[in-house]
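Analysis of the macromolecular model
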Amino acid sequence: MKDKTNGKFIRIISPVTLAVVIALDIGVIAYAVHAVKTLAMRVNTMNIIFAVFVIFAFAVAFLTTRETVKHGVIFRDDEMEFTGMDNDNIFKFKDIVSVAYVKDEKPSFVKNFIDRQSRIVLTYPENKVVTVDIGITTKNKLKEIEKEIEQRLKKSDKIENKSEDNNSDDIQGED
């Protein structure tokens, strides 16, 4: 994974996930306060084990929060990187033929949770299609990502067209 400072970073955080992570962090902090009070009153083996579990819970809470907050899309001049994916997460703009954005907002009691997630569908030459599931996002966040992708695609088309024009001039000059 490349450095995030080399491009524009748009954080993708589901409002539901953010609420759950904050609630869990508050729970861990409350649990820690209780553990410290209990350990201060009476030092025994069970209270020490209790305190060790609190330290473990702090580590898990910290790692969970860090992982949740760092997910997003990094836009560089010629590529975009989805940080929530483990592999095959970098897509070059010059290779993309078209992009579709999918977000289901219709009310329904029969749809599964997974049906509500936002997806970006990238089409490559030879009808190769890659679907990137970015999770449950707000409509504004998906529009922000869409706007940035469209700007970068237009920019990469201009660069590609200029290089094609320069190559055709060179070929004509050789005749």
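Here, the structure is the one placed above.
Just so you know, these numbers come straight off a predicted model, no measurement behind them. Throughout this description, residue numbers start from 1 for each chain and increase along the sequence as written. With pLDDT at 70 or above as the cut-off, local features in this predicted model cover only qualifying residues; side-chain atom pairs require 80 or more to be listed or tallied, and sums for whole chains, interfaces and linings still use all residues. Each side-chain value is derived from all of the structure's non-hydrogen atoms; neither hydrogens nor water enter the calculation.

1. Comments concerning the sheet that holds strand β3 (residues 79–82)
Across a sheet, strands are paired by hydrogen bonds formed along the backbone, either parallel or antiparallel in direction. Whether two strands pair depends on DSSP finding at least two bridges between them. To qualify as a helix, a DSSP run of H or I must reach at least 4 residues; to qualify as a strand, a run of E must reach at least 2; elements of each kind are numbered from the N terminus. With respect to topology, 4 strands assemble into an open sheet ordered β1-β2-β3-β4, the strand pairing being antiparallel. The open sheet is flanked by β1 (8–11) and β4 (90–92), the only strands paired with a single partner. Across the sheet, the mean angle from the axis of one strand to that of its neighbour is 15°, orientation sign disregarded. As paired elements, strand β2 (residues 72–75) and β3 share 3 bridges and run antiparallel to each other. What sits directly across from Val73, in β3, is Phe82. The convention used is that axes are lines fitted to C-alpha atoms, helices contributing only their stretch in contact, and that angles between N-to-C directions extend from 0 to 180 degrees.

2. What about helix α2 (residues 45–69)?
Compared with the 36 Å implied by 1.5 Å per residue over 25 residues, the 36 Å span of α2 between its first and last C-alpha is a close match. Taken together, the buried positions of α2 are occupied by Asn47, Phe50, Ala51, Val54, Ala61 and Thr68. Any pair of residues with heavy atoms lying within 4.5 Å of one another is described as a contacting pair. Those residues of α2 that are buried are in contact with α1 (15–41). Polar contact is the term for a pair of N or O atoms within 3.5 Å; when the atoms are in protein, one must be able to donate a hydrogen and the other to accept it, and sequence-neighboring residues count only if both atoms are side-chain atoms. The backbone nitrogen of Met46 lies 3.3 Å from a side-chain oxygen of the residue at the head of α2, namely Asn44. Each helix should span, by expectation, one fewer than its residue count multiplied by 1.5 Å. Relative accessible area decides the class of each residue, using a 1.4 Å probe on protein chains only: under 20% of the type maximum gives buried, over 50% gives exposed, and in between gives partly exposed.

3. A word on the nonpolar core
Buried Ala, Val, Leu, Ile, Met, Phe, Trp, Tyr and Cys residues that are joined via side-chain atoms within 4.5 Å together make up what is termed a nonpolar core. Core analysis: the biggest nonpolar cluster contains 21 residues, and Met80, Ile120, Leu122, Ile145 and Ile149 have the highest contact counts within it. Of all elements in the fold, only β2, β3, β5 (98–102), β6 (118–124), β7 (128–135) and α3 (139–174) reach the threshold of two or more residues within this core. No other element matches α3, which puts 4 residues into this core. Filtering out sequence-adjacent residues up to four positions away, Leu122 remains in contact with Met80, Phe91, Ile96, Ser98, Val99, Lys128, Val129, Val130 and Val132.

4. Side note on the sheet that holds β5
Strand order in the open sheet formed by 3 strands is β5-β6-β7, with antiparallel pairing between adjacent strands. At either margin of the open sheet sits one strand with a lone partner, and together these are β5 and β7. Between one strand axis and the next, the sheet turns by 20° as a mean value, whatever way the strands run.

5. Structural notes on the side chain of Glu148
Tracing the backbone shows Glu148 in helix α3. Look past the residues within four positions of Glu148 in its chain and what remains in contact with it is Lys8, Ile10 and Phe75.

6. Let's talk about the pattern of salt bridges
Take a side-chain nitrogen of Lys or Arg and a carboxyl oxygen of Asp or Glu: if they are within 4 Å of each other, that pair is a salt bridge. Overall, the coordinates contain 7 salt bridges when judged by the stated rule. Residue Lys141 is joined to Glu144 by a salt bridge in which the shortest nitrogen-to-oxygen separation is 3.6 Å. Pair noted here: Lys141 and Glu144 are both in helix α3, with a separation of 3 residues, about one helical turn. Here Arg152 and Glu148 are joined by a salt bridge, their closest N and O atoms 2.8 Å apart. Of this pair, Arg152 and Glu148 both sit in helix α3, 4 residues apart, which is roughly one turn of the helix. Of the two residues, Arg152 and Glu148, both sit in the buried class. It is possible to trace a salt-bridge network through shared partners that takes in Arg76, Glu79, Glu81 and Lys92.

7. Details of the packing of α1 against α2
Across the interface, α1 lies against α2 with an axial gap of 9 Å and an inter-helix angle of 160°. With respect to α2, the element α1 is oriented roughly antiparallel. Between α1 and α2 lies a crossing of left-handed hand. Mapping the contact onto sequence places Thr17, Val21, Asp25, Val28, Tyr31, Ala32, His34, Ala35, Thr38 and Leu39 in α1 and Asn47, Ile48, Phe50, Ala51, Val54, Ala57, Phe58, Ala61, Thr64, Thr65 and Thr68 in α2. A breakdown of the residues in the contact of α1 with α2 according to their chemical character gives 13 nonpolar, 7 polar and 1 charged. Convention used here: angles under 35 degrees read as roughly parallel, angles over 145 as roughly antiparallel, angles from 65 to 115 as roughly perpendicular, and any remaining angle as oblique. A clockwise turn of the near helix away from the far one marks a right-handed crossing, whereas an anticlockwise turn of less than a right angle marks a left-handed crossing. Residues are grouped as follows: Ala, Val, Leu, Ile, Met, Phe, Trp, Tyr, Cys and Pro are nonpolar; Asp, Glu, Lys and Arg are charged; all remaining types, including Gly, are polar.

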